[in-house]
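Per-entry structural report
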Amino acid sequence: ELYLDLLSQPCRSIYIFARSNNIPFEFKHVELFKDSVLGKKPAAGSGAEQPRAGPSNSEGAGKVSLLKKVPALKDGDFTLAECTAILLYLSRKYNTPDHWYPSDIQKRAQVDEYLSWHHANIRANAPKTMWIKVLIPLFTGQPLPSEKLQEVMEGLSTSLKQFEERFLQDKAFIIGSEISLADLVAIVELMQPVGVGCDIFEDRPRLREWRRRVEDAVGKELFFQAHEMILNIKELSNIQIDPQLKEQLAPVLMKMLK
């Protein structure tokens, strides 16, 4: 059982990895935001598989993960949280192709290096674009100053420059000629800005070509199906939020960007 919400970047990486490697799993949909925030679930018909279908499994995820967060995995009596731990567990248990997490000690170290760098750099900046442009205005009822987005984009630009020069260089993928877990974790994070209209790939041809190769490696249909919700995130701006929920969450969201 995989407890996921595809609005979440780490959840998308696990979902794509499991699907692209034909790993059998039961999708347990967990809504990161309450139904009063998201409103009704989207109608079926926009893809071969609708992972949001069915009731939310928020309570079940809380029982699986002591951290009460997604992603979470339940394999029999065994439970596991944290994206990287779950990806590595699945790669080892199902003996996925070596390129995902290479047996070569130096290539594996390169994957580990990127995963360690990722959190304090790409992940520290890319998700904030969604909070600034969609979620915080949704809860507070007012847009943030444009200077705030500019500040975040400047930080993200610095991280992207380092990503291209230090990790991607002139290679097809981060560790060479084949996709790895590092590429997967990176791409799902960089799709957050795209979903809110900040196309970070437009003026970066090397990064754009890398994205195309990643899409091809996992399959374009799967890639865009996994990102369907984030690419339509602006639709949330029309949802009516319960006033009590606004009062509870607005101050918390504002603190996230300080």
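Residues numbered from 1 in each chain as written. Predicted model: local features only at pLDDT ≥ 70, side-chain atom pairs only at ≥ 80, totals over all residues. Heavy atoms only, no water.

- By the naming in an unreviewed UniProt entry, the chain goes by glutathione transferase and is assigned to Gymnorhina tibicen.
- Under the UniProt heading Subunit (unreviewed entry), the entry covering the chain gives this text: "Homodimer." (UniProt positions renumbered as here; feature names shortened; annotations may be inferred.)

**A look at the environment of Q225**
- For Q225, the location among the structural elements is in helix α11 (residues 220–226).
- Remark: the alpha-carbon pair of Q225 and I16, spanning 209 residues in sequence, is separated by 9.4 Å. (Helix = DSSP H or I, 4+ residues; strand = E, 2+ residues; numbered from the N terminus.)

**Some remarks on unusual backbone geometry**
- For E82, which is not glycine, the phi torsion reads 80 degrees and is therefore positive.
- The residue E82 is located in the loop between β4 (78–81) and α4 (83–93) in this model.
- The residue Q169 is not glycine, and still its phi comes out positive at about 55 degrees.
- With respect to the helices, strands and loops of the structure, Q169 is situated in the loop between α8 (146–168) and α9 (181–195).

**What about the sheet that holds strand β1 (residues 2–4)?**
- The strand order across the open sheet formed by four strands is β2-β1-β3-β4, and the pairing between neighbours is mixed. Unpaired on one side and paired on the other, β2 (27–29) and β4 mark the two borders of the sheet. In this sheet, neighbouring strand axes are inclined to one another by 20 degrees on average, regardless of whether the strands run parallel or antiparallel.
- Bridging between β1 and β2 involves three bridges; their strand directions are parallel. (Pairing = 2+ DSSP bridges. Axes fitted to C-alpha atoms, helices over the stretch in contact; angles between N-to-C directions.)

**Considering the packing of helix α1 (residues 9–20) against α4**
- At their nearest, the axes of α1 and α4 sit 9 Å apart, and the two run at 10 degrees to each other. When the axis of α1 is compared with that of α4, the two are roughly parallel. Taking contact as the criterion, the partners of P10, S13, I14 and F17 in α1 are, on α4, C83, I86, L87, L90 and S91.
- In the contact of α1 with α4, the residues fall into seven nonpolar, two polar and no charged. (Parallel < 35°, antiparallel > 145°, perpendicular 65-115°, else oblique. Contact = heavy atoms within 4.5 Å. Nonpolar A, V, L, I, M, F, W, Y, C, P; charged D, E, K, R; others polar.)

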